[in-house]
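# Per-entry structural report
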Amino acid sequence: MRKGDIERVLLSKGKIQARVKKVAKELDAYYAGKSPIAICILKGSVVFFSDLLRAMKTPVSMEFMKVSSYGVGTQSSGKLSVGLDILSNIEGKDVLIVEDIIDSGNTMYMLKEMLKTRNPADICIVSLLDKPARRTADIQPDFTCFKIEDEFVIGYGLDYAEDYRDLPYVGILKRSVYKN
Ligand code: PRP
């Protein structure tokens, strides 16, 4: 029973939806008169990406990328693997990276460095969640929906061993689930 795996709801569906709308407005102001290429960092950001882009009035094109510095467990390995790359040329374009969580920051740091070599006009990072207490890499999101404590969070795209991504809220997973 998955509900029994959740310690508590950290961010309710309503709280997330309200904050996503607010950040969408901030991004609309940032991109006034422009139309960026929005990159969804699979898989975790797919739910946020979908809600955020529909809340924005700015016209965007969508790209998808799979990068990872995690294995199945809970610790960052510090290595970037690119499982799926974007299809379009970003040279001279405005790029909006849409991420679900920035933890150590390793993934985002390495991703930003890699995309910079393709000479975009601008790279802007928006993250649903930011865990500043865990940061080891020198990277900050430009826009963040929620700063959170160092808890193991799942739901609204975030998983543990590929489960819980479909939950409409962000919850804290019980320790007993990932320690077993
Ligand atoms: C998660 C998350 C970020 C990264 C954050 O992805 O979506 O990309 O880890 O961790 P870091 O800041 O310590 O690098 P994950 O590799 O778990 O893939 P997923 O999105 O497919 O679940």
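Heads up: these notes are all about the structure in this document. Along each chain, residue indices are assigned from 1 in the same order as the chain's sequence is written. In view of the model being predicted, local features appear only for residues whose pLDDT reaches at least 70, and side-chain atom pairs are presented and counted only at 80 or more, with totals across whole chains, interfaces and linings using the full set of residues. Hydrogens are left out, water is left out, and the side-chain values use all remaining heavy atoms of the structure.

### Focus on the overall build of the chain
Strands are runs of DSSP state E lasting at least two residues, helices are runs of H or I lasting at least four, and both sets are numbered from the N terminus onward. Looking only at helices and strands, one finds 4 helices and 9 strands in the chain. Reading the chain from its N end, one meets helices and strands in the order β-α-β-α-β-β-β-α-β-β-β-β-α. Radius of gyration (C-alpha) of the chain: 16 Å, near the 16 Å computed for a compact globule of 180 residues. In terms of its C-alpha atoms, the chain occupies a principal-axis envelope of roughly 50 × 35 × 25 Å. Only protein chains enter the area calculation, which uses a 1.4 Å probe; residues under 20% of their type maximum are buried, those over 50% are exposed, and those in between are partly exposed. The buried share among the 180 residues of the chain stands at 47%. When we talk radius of gyration, it's over C-alpha atoms, and the globule rule is simply 2.2 Å times the number of residues to the 0.38.

### Comments concerning the site of the ligand
One heavy atom within 4 Å of a molecule or strand makes the whole residue count as near it. As a matter of local geometry, the ligand sits amid 18 residues, with Lys66, Glu99, Asp100, Ser104 and Thr107 nearest to it. At 2.8 Å from an oxygen atom of the ligand is found a main-chain nitrogen or oxygen belonging to Asp103. Under the rule applied, a polar contact is a pair of N or O atoms within 3.5 Å (in protein, one hydrogen donor and one hydrogen acceptor; residues adjacent in sequence only if both atoms are side-chain atoms). Between the ligand and the protein, one listed contact pairs an oxygen atom with a side-chain N or O atom of Asp159 at 3.2 Å. For the accessible areas, the method is Shrake-Rupley and the probe is 1.4 Å, while residue cover comes only from the protein chains on display. In isolation the ligand offers 500 Å² of accessible surface; the protein chains occlude 93% of this area. Taken together, the elements giving at least two residues each to the shell around the ligand come down to strand 3 (61-70), strand 5 (94-102) and helix 3 (106-116). Here the shell around the ligand is built from residues that sort into 4 nonpolar, 7 polar and 7 charged. When residue character is reported, Ala, Val, Leu, Ile, Met, Phe, Trp, Tyr, Cys and Pro are called nonpolar, Asp, Glu, Lys and Arg charged, and the others, Gly included, polar.

### Observations regarding the side chain of Ser68
With respect to the helices, strands and loops of the structure, Ser68 is situated in strand 3. Exposure remark for Ser68: the relative accessible area of 17% places this residue in the buried category. Only heavy atoms matter for contacts: two residues are in contact if any of them lie within 4.5 Å across the pair. Ser68 has contacts with Lys79, Leu80 and Ser81, leaving out every residue within four places of it along the chain.

### Topic: the packing of aromatic side chains
Any pair of Phe, Tyr and Trp rings, taking the six-membered ring for Trp, is counted once the centres come within 6.5 Å. Such a pair is stacked with planes under 30 degrees apart, edge-to-face with planes over 60 apart, and tilted for the rest. Applying the stated rule across the entire model yields 6 aromatic pairs. Summarising the aromatic geometry, the rings of Tyr30 and Tyr31 are spaced 4.9 Å apart at their centres and angled 90° between planes, so their arrangement reads as edge-to-face. Overall, Tyr30 belongs to the partly exposed group, its relative accessible area being 38%. Relative to Phe143, the ring of Tyr30 lies with its centre 5.6 Å away and its plane at 80°, an arrangement referred to as edge-to-face. Taken together, the residues Tyr30 in helix 1 (residues 13-30) and Phe143 in strand 7 (residues 143-147) connect sequence positions 113 residues apart. Since its relative accessible area comes to 13%, Phe143 is described here as buried.

### Examining the pattern of salt bridges
The rule for a salt bridge is simple: a side-chain nitrogen of Lys or Arg has to be within 4 Å of a carboxyl oxygen of Asp or Glu. Scanning all chains against the criterion turns up 12 salt bridges. Here Asp51 and Arg54 are joined by a salt bridge, their closest N and O atoms 2.9 Å apart. With Asp51 and Arg54 both in helix 2 (residues 46-55), this residue pair falls 3 residues apart, about one helical turn. With a relative accessible area of 16%, Asp51 lands in the buried category. On the accessibility criterion, Arg54 (64% relative accessible area) is exposed. Ionic pairing is found between Glu113 and Lys116, a salt bridge with its closest N-O pair at 3.0 Å. With Glu113 and Lys116 both in helix 3 and 3 residues apart, this pair spans about one turn of that helix. Taking relative accessible area as the criterion, Glu113 reaches 33% and is therefore assigned partly exposed. Overlapping salt bridges, with partners in common, bring together Lys43, Asp159, Glu162 and Arg165 in one network.

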